Amino acid sequence: MEIDRAEQDLVLQCMQRQGFRYWPVPVASVAERKVGAYVVDDIGWARQYGYGRPFDTAAMKSHRDHPNITYRNALAKKERVRYSRALDGNFTGTITAEVPSGGSVRTPRDGCYAQAREELYGDYPTWFRAKKTVTSLTPLYVPRILRDKRLTSTVAAWSRCMKAAGRPFQSPDAIRRERGNLIRGMSESQALRSESALAVTEAKCAQRTSLGKTARALEMEYRNKTARDYAAEFTAYRQMRMSALARARSL
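Conventions and cut-offs
Residues numbered from 1 in each chain as written. Predicted model: local features only at pLDDT ≥ 70, side-chain atom pairs only at ≥ 80, totals over all residues. Heavy atoms only, no water. Helix = DSSP H or I, 4+ residues; strand = E, 2+ residues; numbered from the N terminus. Buried < 20%, exposed > 50% of the residue type's maximum accessible area, 1.4 Å probe, protein only. Contact = heavy atoms within 4.5 Å. Pairing = 2+ DSSP bridges. 1 Å grid on protein atoms, 1.4 Å probe; cavity = no way out; pocket = protein on both sides within 12 Å on 5 of 7 lines; lining within 4 Å. Points joined across faces, edges and corners; volume = space filled by probe spheres on them. Nonpolar A, V, L, I, M, F, W, Y, C, P; charged D, E, K, R; others polar. Expected span 1.5 Å × (residues − 1). Phe/Tyr/Trp six-rings, centres within 6.5 Å; stacked < 30°, edge-to-face > 60°. Lys NZ or Arg CZ within 6 Å of the ring centre and 35° of its normal. Salt bridge = Lys/Arg side-chain N within 4 Å of Asp/Glu carboxyl O. pLDDT = per-residue confidence, 0-100. Polar contact = N/O pair within 3.5 Å; in protein donor to acceptor, adjacent residues only side chain to side chain.

1. What to know about the environment of Arg53
Then, number 1: Mapped onto the secondary structure, Arg53 falls in helix α3 (residues 53-65).
Then, number 2: By relative accessible area, which is 15% here, Arg53 ends up buried.
Then, number 3: The sequence separation of Arg53 and Ala191 amounts to 138 residues, and the corresponding C-alpha distance is 8.4 Å.
Then, number 4: Ignoring anything within four residues of it in the chain, the contact list for Arg53 reads Arg179, Ile183, Glu188, Ala191, Leu192 and Glu195.

Below, the structure written as structure tokens:
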């Protein structure tokens, strides 16, 4: 989070040099970063956040009402274009990264975000390619985790626990697929109460069966095995993160 905050401070300074106002974007909290886990196994978190609906709501509100949005929309057309290019750059010059699962991704070489990352990481193209490699491995190993008997047997135990609690779901993925239907027609507060109650049950069963611990252990095991083929990228990623953290703390 320190790196993210430092990046936003650098973007602010860069935008000011371009003659624009800018408000740092909020950095995701520790609680928010738990959204999207394979299974919820933190009962307190589940009781408060359900499946992360408060974060979804806050993100939608920020996307609509954040000062950066309202400020940009109030600019004249030419200034809006200049603002966007100052912030995000353009695609006349790009950095390309090949991702392990196939295909490639591109990002502009210029703009305040690119400048901030260059200052933090020292070599933005190398950082971008290393990060995209390291963070794009899941399609390579997640299917193997889902077939692993250590997971499937634990999921079966979790499902029996859920059924006994009156929540007959075969897997956490089944809940995620049905999430929209389960709260259809509810108000925001009703949806949060409903999802929180279900998430608490999910978490209790995950704790009783150790599903969360099993999933995390398998994630580390399979990720580490897959990462061996990308040792150079992982080394660069770790080293540049450490350097960026040191720079962030010195700002």
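2. Focus on the pairing of strand β2 (residues 104-108)
Then, number 1: Sheet topology places strand β1 (residues 94-98) next to β2; five bridges connect them, and they run antiparallel. Each bridged residue has a counterpart across the sheet, and for Ala97 the counterpart in β2 is Val105.
Then, number 2: Counting the residues between successive antiparallel strands, the hairpin from β1 to β2 contains five residues, one of them, Gly102, with a positive phi of roughly 115°.

3. Quick notes on the layout of surface pockets
Then, number 1: A volume near 630 Å³ is recorded for the largest pocket.
Then, number 2: Along the walls of the largest pocket sit 24 residues, with Lys34, Gly36, Ala37, Tyr38 and Val39 positioned nearest its centre.
Then, number 3: Tallied by class, the residues present in the lining of the largest pocket amount to 12 nonpolar, three polar and nine charged.

4. Considering helix α11 (residues 188-209)
Then, number 1: Taking 1.5 Å per residue, 22 residues should reach 32 Å; α11 reaches 31 Å between its end C-alpha atoms and fits that length.
Then, number 2: Every buried residue of α11 is accounted for by Ala191, Glu195, Ser196, Leu198, Ala199, Val200, Thr201, Glu202, Ala203, Cys205, Ala206 and Thr209.
Then, number 3: Packing partners of the buried residues in α11 comprise α2 (43-49), α3, α9 (149-164), α10 (172-182) and α12 (211-227).
Then, number 4: Backbone geometry just downstream of α11 places Ser210 in the positive-phi region, at approximately 60°.

5. Details of the packing of aromatic side chains
Then, number 1: Counting across every chain of the model gives eight aromatic pairs.
Then, number 2: When the ring of Trp45 is compared with that of Tyr49, the centres are 5.5 Å apart and the planes differ by 50°; the resulting orientation is tilted. Taken together, the positions of Trp45 and Tyr49, both in helix α2 and four residues apart, correspond to about one turn of that helix.
Then, number 3: Judged by its relative accessible area of 8%, Trp45 falls in the buried class.
Then, number 4: The ring of Tyr222 carries the charged tip of Lys225 above its face, separated from the ring centre by 5.2 Å.

6. What to know about the pattern of salt bridges
Close approach of charged atoms allows side chains of opposite charge to pair.
Then, number 1: Enumeration according to the criterion identifies 16 salt bridges in this entry.
Then, number 2: Notably, a salt bridge pairs Asp56 with Arg179, separated by 3.5 Å at the nearest N-O pair. Here Arg179 lies in helix α10 and Asp56 lies in helix α3, a separation of 123 residues in the sequence.
Then, number 3: The class for Arg179 is partly exposed, based on a relative accessible area of 22%.
Then, number 4: Of the charged contacts in the structure, one is a salt bridge between Asp65 and Lys61, with a shortest N-O distance of 3.8 Å. With a gap of four residues between them, Asp65 and Lys61 both fall in helix α3, about one helical turn apart.

7. Side note on the confidence of the model for the protein
Reading fine detail from the predicted coordinates is not recommended where pLDDT is low.
Then, number 1: Mean pLDDT for the protein: 94, with 100% of residues reaching 70 or above.
Then, number 2: Mean pLDDT across the secondary structure elements of the protein bottoms out at α3, with 87, and peaks at α9, with 98.

8. A word on helix α7 (residues 124-134)
Then, number 1: All of the buried residues along α7 are Tyr124, Pro125, Trp127, Phe128, Ala130, Thr133 and Val134.
Then, number 2: Looking at the packing, one finds that the buried side of α7 touches β1, β2, α6 (112-121), α12 and α13 (231-250).

9. Focus on the side chain of Glu195
Then, number 1: You can see Glu195 is positioned in helix α11.
Then, number 2: A polar atom in the side chain of Glu195 sits 2.7 Å from the side chain of Arg179.
Then, number 3: Apart from residues lying up to four places away in sequence, Glu195 is in contact with Gly50, Tyr51, Arg53, Arg179 and Ile183.

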